[in-house]
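Fold and contact review
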Amino acid sequence: MISIIHFLFFLYSFMIIGSYITLGIISVFETVAYTQKNKFVNYNKILSSNISPSISIIAPAYNESLNIIENVRSLLSSHYANYDVIIINDGSKDDSLEKLIDAYNLICVDFLINEQIPTQPLRKGIYKSTNPAFEKLIVVDKENGGKADALNMGLNISANKYVACIDVDCLLIEDALLKLVKPFLETTDKVVIAAGGVIRIANSCVIKEGKLLDVNLPEKMLEKGQILEYLRAFLLGRMAWSRLNGLLVISGAFGLFDKKIAIEVGGYDTNTVGEDMEIIVRMRRFMEEKKLKYKVAYIPDPLCWTEAPDNYKTFISQRNRWTRGTIETLRKHRKIGFNRKYSSMGTLSYPYWFLFERMAPIVEVLGVIYFAYLIFYQQVRWDYTIAFILLAYLFTVLFSIAAIISEELTYHQYKKKGTGFKMIMIAFLEPFVVHPFILYAAIVGNKDYYFNKKKKWGAMTRKGMTKA
Amino acid sequence: MFKNNYFIDFFENSPIIMQLVWVFIVMIIFFIMTTIAYLKYLRSFLRKNENLKNKIEKEFETAVINYLYAGNEIDEVSFEQKSIIDQFKSNTSEPFKRDILISTLLKLNYEISGEMAESIHKLYIQTGLLDYSLSKLKSRKWNSIADGIRELTLFHVKEVQDQVKIHINHPKTEVRIAMQLYLINLFHFDGLDFLNNITTPISEWDQIQLLEALQLNSNQRVTSINLWLKSTNNSVVFFALKLAKIYNQYGVRDELIALLDHQNIKIRIDVIHLLSYLNIIDAKIILKNKFNELTLEEQIAFFEMMENLYEIKDKPFILEHILNPNFEIKFSALKILKNLNIEEFNCFKNLTLEPEFVRMVKYIEAN
């Protein structure tokens, strides 16, 4: 019996490490192919083109009064020619709306909404600016319904072909929309239903008038650890899944969608806290069931900078929500799992997410409990223990360093002297100072999912990005 | 010595799985050390490279400006110019410096015009860069071919079009678009001849690039697009439709009407929008007569057309659709009805208490 348990733990570890190596290698090839392909693209010529397709940026805001003016200014400063910005004030209790009205000369306007997706009703109405400089801005004031409900309102209001769903506090790079719409326009043999790009952490970076001026590494270990974690996830994970056409999630912080398909599947699910993952899975499922050729695209360009939690309480709350979101989505779409009818999504992506994302924290905790049991009964083989722990730790460090090198070779964003050494140090320390909290949050997330169904979104306290 | 023996004994006496684990550990430690060293080298290389690039760029820029002002009326190439050319020639053997020289020439080429720009094109040939670009066309690597064509485009080398055109149906889209942009940037509308022979699809992204390049041309006289509207390559048809819209091609009315029966629904929808834009009223009559055979998307596009081309005789048809289950069609029908006859709109506005209908009526009344 004990041998079987040992074998199962060993097999699981072997599989997870094998999958990381495989994904890492595929990512490298995909990133090289992408950079080669886009080396000579002159984005400037197309940025100002009126023939480019229309895009709506939808940004839900709830009690964002502290930074709302700056954030909206940032969204309005995109260089793309053909877009509008829809801010959904989702029943904020603060003075967000009043601030927006004052800053952007807004007036309430008549607006006919095609309610294709049911949402909470409007509160004060829909506002547009009297100042032609802000003609791209639409502000919607509605009753509180949560992020998914606010995004659905945006989908109903948008008159454009594509919608970029974004967190209002995200800082978009000026040509982000163009870079993200490119996969939709360049693919000729299938329909691109959604696309995402790399999200970077803006803590300690210098921002002025909605523009990123200086990239810095934050001081706190938690923030630095998250930077490394994002690099690993985006540069070594999602690029590979994009290559395999197996992406199940586009970050809620910034993603571009084909509006028609997003509406056809019923928009965002308001009953989950993982709405960003759930809508992608549902859209993919829809395309698979209709037997249509499709793709979820992903590009390695850093398009969007966001504020990450800088304290453990908020961090745990965020990861708890991510865990619940993953469980909810996988459970809701369990029909897909290990089902050949859903091609690579059913046979590859879903099993991977189930085994190595959903189950990983549980297996890890079971491993710790089993280890404690062995210690208690003095059955630990310390030579084995030390060797295996060392192997796992060193592999994690190597994988992190590979992510750092990948970043250096592609976008080289952390240019300052001494940053390289700091990043290496994070690679060595991160398994001790960040990972245990991720594990804890995941376990609490599991507990909350099964025993505290009422729990929804945790609160994220915004400090605001560093201003010049 | 004792320690070494201990570890060797420990390793040799361990089961095979443990031996494997320790081998992996040593390998990973080796990889970690190597990657850290590489990372350190990479970061300092990138930093140095950036500084070196800036330095060389400045040197080349100064040399090119000197070249431009060193000409005289007696010699085709002055002595000073010749020495600058020689200096550049010695640098072009290194790919790193060659790339910097090309980008410097291009940068200056954008900033100047007239005789000076001509001189830069000459310098491109005199320094042997043209030969490098042409040799890239024969490369096996697709990115080298695309790179070569791009350089030929930017330095306006028209004479090699036959060598460029052979890549018309290259398997890599990047090579194809480089070739297409070469033809359009250098030969403008005449360059569009490639549309007669292209069998591979032109993506929407590439079409935008081509149209933007065409619009930079001062001569806006469009060549005939009739053939392209009949192309078996759907992307060529889409492109021709965009050309027809941008350049108001009323002359292709019959071809456009024929496309209303095209098997591709997206083409049919684009054609309806274009016919509406060009105010071709015959199309409205044709579509109205077969309205029930149209797909929902075509019906919506048709109603958008109706908003533009309605006539009083369309009223019975419009009345049929003021309760259409589709939001867009119903809204269009009500708007048209209000414009056609406000009294009748007032009569029909209380036709139903359905909330969507009531909201529409209120909105139309207020706007």
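Residues numbered from 1 in each chain as written. Chains lettered and ligands numbered in written order. Predicted model: local features only at pLDDT ≥ 70, side-chain atom pairs only at ≥ 80, totals over all residues.

A few points about the overall build of chain A
- Helix and strand content of chain A: 15 helices and 13 strands.
- The C-alpha atoms of chain A give 23 Å as radius of gyration, which agrees with the globular expectation for 468 residues (23 Å, within 12%).
- Structurally, chain A occupies a C-alpha span of about 75 × 50 × 45 Å along its principal axes.
- Relative to all contacts within chain A whose residues are 6 or more apart in sequence, the contacts with residues 24 or more apart total 81%. (Helix = DSSP H or I, 4+ residues; strand = E, 2+ residues; numbered from the N terminus. Rg over C-alpha atoms; globule rule 2.2 N^0.38 Å. Contact = placed C-beta atoms within 7 Å.)

With respect to the overall build of chain B
- Per the secondary structure count, chain B includes 20 helices and 0 strands.
- In summary, chain B has a C-alpha radius of gyration of 33 Å against a globular reference of 21 Å for 367 residues, an excess of more than 25%.
- By principal-axis analysis of the C-alpha atoms, chain B measures approximately 100 × 85 × 40 Å.
- For chain B, buried positions account for 29% of its 367 residues.
- Within chain B, counting contacts between residues at least 6 apart in sequence, those at least 24 apart form 63% of the total. (Buried ≥ 20, exposed ≤ 12 C-beta atoms within 10 Å, placed from the backbone.)

What to know about the domain arrangement of chain B
- The domain boundaries assigned to chain B delineate domain 1 (1-127) and domain 2 (310-367).
- Centre-to-centre, using C-alpha coordinates, domain 1 of chain B lies 67 Å away from domain 2 of chain B. (Domains from an automatic or database assignment.)

A closer look at helix α9 (residues 275-289) of chain A
Residue and element names in this part refer to chain A.
- Spanning 15 residues, α9 covers 21 Å between terminal C-alpha atoms, matching the ideal 21 Å at 1.5 Å per step.
- Regarding α9, the residues found buried are Glu275, Asp276, Met277, Glu278, Ile279, Ile280, Val281, Arg282, Met283, Arg284 and Met287.
- Downstream of α9 by a residue or two, lysine 291 has a phi angle that is positive, lying close to 55°. (Expected span 1.5 Å × (residues − 1).)

Brief notes about the UniProt feature "transmembrane region" (unreviewed entry) in chain A
All names here are of chain A.
- In the numbering used here, UniProt assigns the feature "transmembrane region" (unreviewed entry) to residues 7-29, 350-377, 384-405 and 425-445.
- Note that residues 350-377 is 93% helix and 0% strand, and that its end C-alpha atoms are spaced 38 Å apart.
- End-to-end, the C-alpha atoms of residues 384-405 are 31 Å apart, and along that stretch the chain is 100% helix and 0% strand. (UniProt positions renumbered as here; feature names shortened; annotations may be inferred.)

Description of the nonpolar core
- In this structure, A:Ile57, A:Ile87, A:Ala164, A:Ile280 and A:Cys304 are the most contacted members of the largest nonpolar core, which totals 114 residues.
- In terms of residue count, helix α7 (residues 221-243) of chain A provides more of this core than any other element does, 10 residues in total.
- Leaving out residues up to four positions away in the same chain, A:Ile57 has contacts with A:Leu75, A:Tyr83, A:Val85, A:Ile86, A:Ala164 and A:Ile166.
- Counting 73 residues, the second-largest nonpolar core is a separate cluster that includes B:Leu195, B:Leu241, B:Phe302 and B:Met360. (Core = buried A, V, L, I, M, F, W, Y, C linked by C-beta atoms within 7 Å.)

Regarding the interface of chain A and chain B
- In this assembly, 33 residues from chain A lie in contact with 37 residues from chain B.
- At 15 residues, the largest contribution of residues to the side of chain A that touches chain B is made by helix α13 (residues 382-410) of chain A.
- Looking at the side of chain A that touches chain B residue by residue, the class counts come to 19 nonpolar, 7 polar and 7 charged. (Nonpolar A, V, L, I, M, F, W, Y, C, P; charged D, E, K, R; others polar.)

Some details on the environment of A:Gly325
All names here are of chain A.
- Mapped onto the elements, glycine 325 comes out in helix α10 (residues 312-332).
- Residue glycine 325 is classed as buried on the basis of its 21 C-beta neighbours within 10 Å.
- For glycine 325, the residues in contact, after removing those within four places along its chain, are Thr272, Val273, Gly274 and Met277.

Overview of the sheet that holds strand β3 (residues 106-109) of chain A
Residues and elements named next belong to chain A.
- Spatially, β3-β4-β5-β2-β1-β6-β11-β8-β12-β7 is the arrangement adopted by the 10 strands of the open sheet, whose pairing is mixed. Sheet topology places β3 and β7 (171-172) at the edges, where each strand pairs with a single neighbour.
- In this structure, strand β1 (residues 55-61) lies alongside strand β6 (residues 162-166), joined through 4 bridges in parallel fashion. Each residue of the ladder has a partner; that of isoleucine 55, found in β6, is tyrosine 162.
- With respect to the sheet, helix α6 (residues 176-186) is in contact with β1, β2 (83-90), β6, β7, β8 (191-201), β11 (254-258) and β12 (294-306), its orientation differing from that of β12 by roughly 170°. (Pairing = 2+ DSSP bridges. Axes fitted to C-alpha atoms, helices over the stretch in contact; angles between N-to-C directions.)

Remarks on the confidence of the model for chain B
- Model confidence for chain B is summarised by a mean pLDDT of 91, while 98% of its residues fall at 70 or above.
- Predicted complex metrics record ipTM = 0.88 and pTM = 0.90. (pLDDT = per-residue confidence, 0-100.)

Here's the deal with the UniProt feature "domain: Glycosyltransferase 2-like" (unreviewed entry) in chain A
- Here, the residues flagged by UniProt with the feature "domain: Glycosyltransferase 2-like" (unreviewed entry) are residues 56-195 of chain A.
- Across residues 56-195 of chain A, the secondary structure splits into 29% helix and 31% strand, with the terminal C-alpha atoms separated by 14 Å.

Observations concerning the UniProt feature "transmembrane region" (unreviewed entry) in chain B
- Residues annotated by UniProt as "transmembrane region" (unreviewed entry) correspond here to residues 20-39 of chain B.
- For the annotated span residues 20-39 of chain B, helix accounts for 100% and strand for 0% of the residues, and the straight-line distance between the end C-alpha atoms is 28 Å.

So, α13(A)
- With 29 residues, α13(A) ought to run about 42 Å at 1.5 Å a step, and its terminal C-alpha atoms sit 42 Å apart, in line with that.
- All buried positions along α13(A) are accounted for by A:Ala387, A:Phe395, A:Val397, A:Leu398, A:Ser400, A:Ile401, A:Ala402, A:Ala403, A:Ile404, A:Ser406, A:Glu407 and A:Glu408.
- Looking at the buried positions of α13(A), the neighbouring elements they touch are α1 (2-38), α7 and α14 (419-433) of chain A together with α2 (16-69) of chain B.
- Positive phi appears at A:His412, one or two residues downstream of α13(A), with a value of about 45°.

Section: unusual backbone geometry
Residues and elements named next belong to chain A.
- Within the chain, lysine 291 stands out as a residue other than glycine whose phi angle is a positive 55°.
- With respect to the helices and strands, the residue lysine 291 is situated in the loop between α9 and β12.
- Phi angles above zero are rare outside glycine, and histidine 412 is one such case at about 45°.
- Among the secondary structure elements, histidine 412 is positioned in the loop between α13 and α14.
- Note on histidine 412: 13 C-beta atoms within 10 Å, which makes it partly exposed.

Concerning the packing of α2(B) against helix α4 (residues 95-111) of chain B
All names here are of chain B.
- Interhelical geometry of α2 versus α4 gives an angle of 55° and a closest axis separation of 9 Å. Compared by their axis directions, α2 and α4 come out oblique. Considering how the two elements wind past one another, α2 and α4 form a crossing that is right-handed. Of α4, the residues touching α2 (which contributes Lys53, Ile56, Glu57, Phe60, Glu61 and Val64) are Lys97, Ile100, Leu101, Thr104, Leu105 and Leu108. (Parallel < 35°, antiparallel > 145°, perpendicular 65-115°, else oblique. Left-handed = near helix turned anticlockwise from the far one by under 90°.)

Details of the pairing of strand β10 (residues 211-214) of chain A
- Where strand β9 (residues 206-208) of chain A and β10(A) come together, 3 bridges link them in antiparallel fashion. Of the residues in β10(A), the one forming a bridge with A:Lys208 is A:Lys211.

Here we look at the packing of helix α9 (residues 173-187) of chain B against helix α10 (residues 204-215) of chain B
Residue and element names in this part refer to chain B.
- Axis separation between α9 and α10 bottoms out at 9 Å; the angle between their running directions is 15°. Here α9 is positioned roughly parallel relative to α10, judged by the angle of their axes. When you trace α9 past α10, the crossing you get is right-handed. Counted together, Ile177, Gln180, Leu181, Ile184 and Asn185 of α9 and Asp206, Gln209, Leu210, Ala213 and Leu214 of α10 form the full contact between these two elements.

A word on the environment of B:Leu243
Residue and element names in this part refer to chain B.
- Within the element layout of this structure, leucine 243 appears in helix α12 (residues 234-246).
- Separated by 218 residues in the primary sequence, leucine 243 and isoleucine 25 place their C-alpha atoms 63 Å from one another.
- Here leucine 243 is in contact with Val222, Ile225 and Gln249, once residues within four sequence places are set aside.

A short note on the environment of A:Lys341
Residue and element names in this part refer to chain A.
- Here lysine 341 shows up in the loop between α10 and α11 (343-358).
- Taking the number of C-beta atoms within 10 Å as the measure of exposure, lysine 341 has 12 and is therefore exposed.
- Remark: the alpha-carbon pair of lysine 341 and valine 363, spanning 22 residues in sequence, is separated by 29 Å.

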